[in-house]
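Results of the structural survey
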Amino acid sequence: MSPRQITVLGECVADAFVDPVSTSGELALRVLPGGGPANTAVSLARLGTPARFLARLSDDVFGRLFRAHLEESGVDLSSAVRAAEPSTLAVAELDERGQAAFSFHAQNTADWQWTAGELARVDLSETACLHTGSLALVREPGAAVVEDFLAEAAPGATISIDPNVRPLLVDPEVYRARLAHWCALADVLRLSEDDLELLLPGTPPEQACDGWHAAGARLVVITRGGNGVLASLDGERVRLPAVPADVVDTVGAGDSFTAGLLHHLGTGGLLGGRLPDLRLDDVAEACLFATRVAALTCSVPGPNPPWRHQLTPLTAADHA
């Protein structure tokens, strides 16, 4: 079955990686298009899902880079806003495990300035799933507008949220204060074990899942890096292993996982409502597919998710 359209709302960020060959007295940066929602939209499009990206894209040098990257990946930008404000910049330093530590330059940038009028023009009649998260839900002045947009969309589309907690930009308490409300809107909640620790320090993941189910989220998926995935559907749980990968860095891996999960569910005709036909076996299959997508993303520098044809060799190796 051909998947229906998934609409992604959120930021596109210039990820500037510190070049390790920088010499004394200068700092060389390698800039790649990034940002959690943008990475998810790119990954969906490359996997073959019709992906539309609702973004506020600047006309500056980074904004032009974003547009080219998104369009080359097949993302529909017909509903993107051409913004007067500058783009958001994130400077990343990688540790010896390929984990990135970010510093953000995000004050008064384009991504957070959503207005009700801009989103009122968006037609969701062809959208099976609306995905958002990260900073779009917590950075003002646009966060409240985005929440209202989700509430209006929820009766007709599956709602997917990835909190993607960024404590350097927003106090985790802001996320904690809104999370129950997001769960009331969301059908799918995907987060990392790092997000879990920031949101509910010391809480066992099963206990966290039960709390989020009680607040309204039907499917909760917690990615645990090399330790695999925990998925919980209305309290029924499955644990799945990670796919072995030669890790260059982990930037964008969680976003690619989310895209793989939604793509697989969409291909199975399971998106488009409150997930009434979803079973735990469907969740397990979708998560296994998503781990392969994430593994390939980890095997290359930066947030560069795979194309659909690149999944075949990984799948074959995984079953060898």
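Refer to the structure presented above.
Notes on the structure follow. (Residues numbered from 1 in each chain as written. Predicted model: local features only at pLDDT ≥ 70, side-chain atom pairs only at ≥ 80, totals over all residues. Heavy atoms only, no water.)

**Comments concerning helix α7 (residues 205-215)**
Keep this limit in mind: Here's how the labels work: a residue is buried when its accessible area is under 20% of the maximum for its type, exposed when over 50%, partly exposed in between, all with a 1.4 Å probe on protein chains only. Every helix listed is a DSSP run of H or I at least four residues long, and every strand listed is a run of E at least two residues long, numbered separately from the N terminus. In this description, one arc is meant: the one made by directions from the helix axis to the C-beta atoms. Contacts are assigned to residue pairs that have any heavy atoms within 4.5 Å of one another.
All of the buried residues in α7 are Ala208, Cys209, Trp212 and His213. Buried residues along α7 cover an arc of 135 degrees about the axis, so they all sit on one side. Every exposed residue of α7 that faces more than 90 degrees away from the buried side is listed here: Gln207 and Ala214. In this fold, the buried residues of α7 make contact with α5 (172-185), β11 (188-192), α6 (193-199), β12 (219-223), β13 (229-233) and β14 (236-240). Directly beyond the C-terminal end of α7, a positive phi value near 135 degrees is found at Gly216.

**Observations regarding the sheet that holds strand β3 (residues 29-34)**
To keep it simple, the criterion reads: We call two strands paired when DSSP finds no fewer than two bridges between them. With axes taken as lines fitted to C-alpha atoms, and helix axes fitted only over the stretch in contact, angles between N-to-C directions fall between 0 and 180 degrees.
Reading across from one edge, β3-β2-β7-β8 is the order of the four strands in this open sheet, with mixed pairing throughout. On the outer flanks of this sheet lie β3 and β8 (100-105), each paired with one strand and no other. Looking at each pair of strands side by side, their axes are set apart by 30 degrees on average, direction ignored. Sheet topology places strand β2 (residues 13-18) next to strand β7 (residues 88-94); five bridges connect them, and they run parallel. Bridge pairing in β7 places Ala14 opposite Leu89. Contacts from helix α2 (residues 61-72) reach β2, β3 and β7 within the one sheet, and its direction differs from that of β3 by about 55 degrees.

**Quick look at the packing of helix α8 (residues 253-267) against helix α9 (residues 280-298)**
Just so we agree on the cut-off: In this scheme the crossing of two helices becomes right-handed for a clockwise turn of the near helix relative to the far one and left-handed for an anticlockwise turn of less than a right angle. Note on residue categories: nonpolar means Ala, Val, Leu, Ile, Met, Phe, Trp, Tyr, Cys or Pro, charged means Asp, Glu, Lys or Arg, and polar means any other residue, Gly included.
Here α8 crosses α9 at 145 degrees, and the two axes come no closer than 7 Å. Crossing of α8 over α9 shows right-handed handedness. Across the interface between the two elements, Ala253, Ser256, Phe257, Gly260, Leu261, His263, His264 and Leu265 from α8 touch Asp282, Glu285, Ala286, Cys287, Phe289, Ala290, Thr291, Val293, Ala294, Thr297 and Cys298 from α9. Classifying every residue of the contact of α8 with α9 by side-chain character gives eleven nonpolar, six polar and two charged.

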